[in-house]
Amino acid sequence: MSILTRPILEINLINLEKNYRFLQNLAKGADAAAVVKDDAYGLGAEMIAETLYQNAGCRTFFVAHGIEGEKIRPYVPNAKIYVLQGIGEDSLASFEQAKLTPVIAGKEQLAFWKEHKINGIKPAIQIETGLNRLGFREQELAELTDEERNLFSMALSHLACADEQGHFMNEHQLQNFNRLREIYFPKLPASLSASDGTFLGANYRFDIVRLGAAMYGINTAPYRENQMLPVVSVKAPVLEISTLNRGDFVGYSATYRAADERKIAIVSIGYGDGIPRSLSNVGKLFFYNGGKTSEARIIGRISMDNIICDVSEVENLHVGDMAFVINEFYTLDDIGRDAGTIGYEVLSRIGKNQRFERRYLK
């Protein structure tokens, strides 16, 4: 007898490459850089970077930390790798070893860089335009000497509200970025947009677009139908099927009580695998059987290792059958919405979990 107990994470590299090429075409002339920070949103930075480098010709990558850039360097030997969190004592060795390019966002990092320059590397500068996160404010830009300004090879900023097409902040930040570039860095290449900004139009794309969430199948332009192909699928085996009698409770804290007799399935996945606990009594799983798709509501509290769902309407279900948690019709965006968060967070939490059996579809 064969039985499985671990959840399965499937990563469709074919669709990943198609998404990248779609976005590359959308960018129309801008360099389409791939964002592979946070272990490529948890999907495996080495595999993702190598696929895009070898199969799609991607030659520019963004990571968050130096150690992430060092990790992918062997797989993208001739690519430029930008590090968004900049450079410091804890990452200097990674920059030197892997020839990484820091994105410098403040005068302290700039002072550190001036002390520890790496031959052949010219950093990018992060400019604050309205997000009020990392970046040089205008007063700090004005204080830079001509010599310091000439250290940089690119000017970069980040949009706060690009997922809302008509939001006033988009135009506000675009104008700020253009104004500050014209004053302080008129000759430098520029990058303003991540995935969502790429959909806003040519004015927002500049020389480099930074493709992340959309490339992984998330709808970063929710004002329109998702044009991305699904990259992630999650499924988990049924460990047990039983009967819930009228009046019986389910799960921790007894948050669900059966109004009548129900059939339940215990599925081998939980918040320990990155599934948001907020889906308790709210979310749903899906089963395929004989060409039919059946929906099963999550009942009771999600625990660390298990989800209990109502399978009273699911026909011919057996122990060992797979429950689909994320698939092409219940997407990362859908589960994020139902959990009260966003698909980005769900993907990051699930992708980094070591308990999944990970399968790459090539």
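Residues numbered from 1 in each chain as written. Predicted model: local features only at pLDDT ≥ 70, side-chain atom pairs only at ≥ 80, totals over all residues. Heavy atoms only, no water.

## Remarks on the overall build of the chain
Then, number 1: If you tally the helices and strands in the chain, you get 12 helices and 18 strands.
Then, number 2: With respect to the principal axes defined by its C-alpha atoms, the chain has extents near 75 × 45 × 35 Å.
Then, number 3: Taken across its 362 residues, the chain has 54% of its residues classed as buried.
Then, number 4: Restricting to contacts in the chain with at least 6 residues of sequence separation, those with at least 24 account for 65%.
Then, number 5: Accessible surface computed for the chain: about 16500 Å², of which carbon and sulfur atoms make up 46%. (Helix = DSSP H or I, 4+ residues; strand = E, 2+ residues; numbered from the N terminus. Buried < 20%, exposed > 50% of the residue type's maximum accessible area, 1.4 Å probe, protein only. Contact = heavy atoms within 4.5 Å. Areas by Shrake-Rupley, 256 points an atom, 1.4 Å probe, with all protein chains shown as cover.)

## Some words on the environment of isoleucine 11
Then, number 1: Looking at where isoleucine 11 falls in the secondary structure, it is placed in strand S1 (residues 8-12).
Then, number 2: Expressed as a C-alpha distance, the spacing of isoleucine 11 and serine 195, which sit 184 residues apart in the sequence, is 19 Å.
Then, number 3: In this view, isoleucine 11 contacts Leu43, Ile48, Val231, Arg358, Arg359, Tyr360 and Leu361; residues no more than four positions away in its chain are not counted.

## A short note on the pattern of salt bridges
Then, number 1: Per the stated rule, a full pass over the model turns up 19 salt bridges.
Then, number 2: Between lysine 114 and glutamate 148 there is a salt bridge; the shortest N-O distance is 2.8 Å. Separated by 34 residues along the polypeptide, lysine 114 in helix H6 (residues 107-115) and glutamate 148 in helix H8 (residues 146-149) bring together distant segments of the chain.
Then, number 3: Judged by relative accessible area, which is 41%, lysine 114 ranks as partly exposed.
Then, number 4: Residue glutamate 148 is classed as buried on the basis of its relative accessible area of 14%.
Then, number 5: Arginine 149 is the partner of aspartate 146 in a salt bridge, and the nearest nitrogen-oxygen pair spans 3.8 Å. (Salt bridge = Lys/Arg side-chain N within 4 Å of Asp/Glu carboxyl O.)

## Points about the pairing of strand S10 (residues 232-244)
Then, number 1: Relative to S10, S1 runs antiparallel, the two sharing 4 bridges. Residue pairing for S10: isoleucine 11 is matched across the bridge by valine 232.
Then, number 2: Inspection of the sheet shows S10 paired to strand S17 (residues 322-326) by 4 bridges, in the antiparallel sense. In the strand pairing of S17, valine 234 is matched with isoleucine 326. (Pairing = 2+ DSSP bridges.)

## Here's the deal with the nonpolar core
Then, number 1: Ranked by size, the top nonpolar core spans 114 residues in total, and within it Ile48, Leu52, Phe61 and Tyr216 carry the most contacts.
Then, number 2: Examining the composition of this core, we find that 6 residues originate from one element, helix H3 (residues 45-56), more than from any other.
Then, number 3: Setting aside chain neighbours within four positions, we find tyrosine 216 in contact with Leu16, Val35, Val36, Ala40, Tyr41, Leu43, Ile48, Val231, Leu332 and Leu347.
Then, number 4: Tyr256, Ala258, Ile264 and Ile308 belong to the second-largest nonpolar core, a separate cluster that totals 8 residues. (Core = buried A, V, L, I, M, F, W, Y, C linked by side-chain atoms within 4.5 Å.)

## Some details on the sheet that holds strand S2 (residues 31-35)
Then, number 1: With parallel pairing, 8 strands are arranged side by side in an open sheet as S8-S7-S6-S5-S4-S3-S2-S9. What marks the edges here is a single partner per strand, and that holds for strand S8 (190-191) and strand S9 (208-211).
Then, number 2: With 2 bridges joining them, strand S4 (residues 80-83) and strand S5 (residues 101-104) adopt parallel strand pairing. Opposite valine 83, over in S5, you have proline 102 as the bridge partner.
Then, number 3: Each of S2 and S9 is contacted by helix H1 (residues 13-27), which is oriented at about 155° to S9, the strand it contacts most. (Axes fitted to C-alpha atoms, helices over the stretch in contact; angles between N-to-C directions.)

## Concerning the packing of aromatic side chains
Then, number 1: Per the counting criterion, the structure on display carries 8 aromatic pairs.
Then, number 2: Ring centres 5.0 Å apart and planes at 90° place the aromatic pair phenylalanine 286 and phenylalanine 329 in the edge-to-face group. Taken as a pair, phenylalanine 286 in strand S14 (residues 284-289) and phenylalanine 329 in the loop between S17 and helix H11 (332-339) lie far apart in primary sequence, 43 residues in all.
Then, number 3: According to the relative accessible area criterion, phenylalanine 286 is buried, its value standing at 7%.
Then, number 4: The class of phenylalanine 329 is partly exposed, set by a relative accessible area of 35%.
Then, number 5: Each ring, one from tyrosine 288 and one from phenylalanine 324, has its centre 4.5 Å from the other, and the planes form 45°; the classification is tilted. Highlighted residues: tyrosine 288 in strand S14 and phenylalanine 324 in strand S17, separated in sequence by 36 residues. (Phe/Tyr/Trp six-rings, centres within 6.5 Å; stacked < 30°, edge-to-face > 60°.)

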